[in-house]
Amino acid sequence: DVKVTQSSRYLVKRTGEKVFLECVQDMDHENMFWYRQDPGLGLRLIYFSYDVKMKEKGDIPEGYSVSREKKERFSLILESASTNQTSMYLCASRDNRGNYGYTFGSGTRLTVV
Amino acid sequence: SQQGEEDPQALSIQEGENATMNCSYKTSINNLQWYRQNSGRGLVHLILIRSNEREKHSGRLRVTLDTSKKSSSLLITASRAADTASYFCATRQEAGSYQLTFGKGTKLSVIP
């Protein structure tokens, strides 16, 4: 069964901490994405990567950075966590070779205190 | 930026009834997709319909697409309690685009 795995289901961090959210996929997908999901706002794209070492800003990249050193791994970094980054973070991947949907991870619920 | 908007925001039906959710979008699309999300979990891809298709079926799901009205509908027939979830439409704009833009979702409750 193909999978996107996010390293943590729940995470609590302090304001000002540097936070790493890890995402690994085993499907050899080229494209990977980070979204955040907030009540009333839906899913908003933070960053995506269309291939190794490539990254593009999404709709809300401020306060975040990403790293894609290997094809299977896409990391989201909160440089200095703030309380307004408390959210559900969802990673997804997609096969670039056809018209397919995204495969999502189970999500990481991050609370910044 | 939000592209798709689902309607209604919430829907409550009895088990066995059909559930219909609608999605409207603003700009031309390459394809439209529907996803399901169980509470507190990731999204699961249900079905994809291309811009040159009008209707698609998958099991108890039926999706229609009207590009002239920029709208789509998702019909779940003979609903079950396990169908209780939020449903999202998502659009991919150009053929070369990497991004999907999601709506805010319809929360479906199926009462046993």
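Residues numbered from 1 in each chain as written. Chains lettered and ligands numbered in written order. Predicted model: local features only at pLDDT ≥ 70, side-chain atom pairs only at ≥ 80, totals over all residues. Heavy atoms only, no water.

1. Quick word on the interface of chain A and chain B
Between chain A and chain B, the contact holds 24 residues from the first and 22 residues from the second. Summed over both sides, the interface of chain A with chain B buries roughly 1900 Å², with 48% coming from carbon and sulfur. Run the count over chain A and chain B and you get zero salt bridges. Summed over the shared surface of chain A and chain B, the result is eight residue pairs in polar contact (both at pLDDT 80 or more). For the side of chain A that touches chain B, the secondary structure elements donating two or more residues are β5 (31–38), β6 (42–49) and β10 (87–94) of chain A. When the residues that make up the side of chain A that touches chain B are grouped by side-chain class, the tally is twelve nonpolar, nine polar and three charged. (Contact = heavy atoms within 4.5 Å. Buried area = accessible area lost by both parts, 1.4 Å probe. Salt bridge = Lys/Arg side-chain N within 4 Å of Asp/Glu carboxyl O. Polar contact = N/O pair within 3.5 Å; in protein donor to acceptor, adjacent residues only side chain to side chain. Helix = DSSP H or I, 4+ residues; strand = E, 2+ residues; numbered from the N terminus. Nonpolar A, V, L, I, M, F, W, Y, C, P; charged D, E, K, R; others polar.)

2. Looking at the side chain of S93(A)
Residue placement: S93(A) occurs in strand β10. Excluding residues within four positions of it along the chain, S93(A) makes contact with V4(A), Q25(A), M27(A), H29(A), N31(A), M32(A), F33(A), G101(A), Y102(A) and T103(A).

3. Considering the sheet that holds strand β3 (residues 19–24) of chain B
Residues and elements named next belong to chain B. As summarised here, the arrangement of the five strands in space is β1-β3-β8-β7-β6, forming an open sheet in which the pairing is antiparallel. What marks the edges here is a single partner per strand, and that holds for β1 (5–7) and β6 (55–58). The average undirected angle you get between the axes of adjacent strands in this sheet is 20 degrees. (Pairing = 2+ DSSP bridges. Axes fitted to C-alpha atoms, helices over the stretch in contact; angles between N-to-C directions.)

4. Details of the state of the cysteines
Inspection of the entire model under this criterion finds two disulfides over all chains. Residue pairing for C23(A): its cysteine sulfur links by disulfide to C91(A), the two sulfurs lying 1.9 Å apart. Disulfide C23(A)-C91(A): torsion about the S-S bond near -80 degrees, hence left-handed. With C23(A) in strand β4 (residues 23–25) and C91(A) in strand β10, this pair connects stretches of sequence that are 68 residues apart. Each of the two residues, C23(A) as well as C91(A), counts as buried. The disulfide bridge from C23(B) ends at C89(B), spanning 2.0 Å between sulfur atoms. (Disulfide = S-S within 2.5 Å. Buried < 20%, exposed > 50% of the residue type's maximum accessible area, 1.4 Å probe, protein only.)

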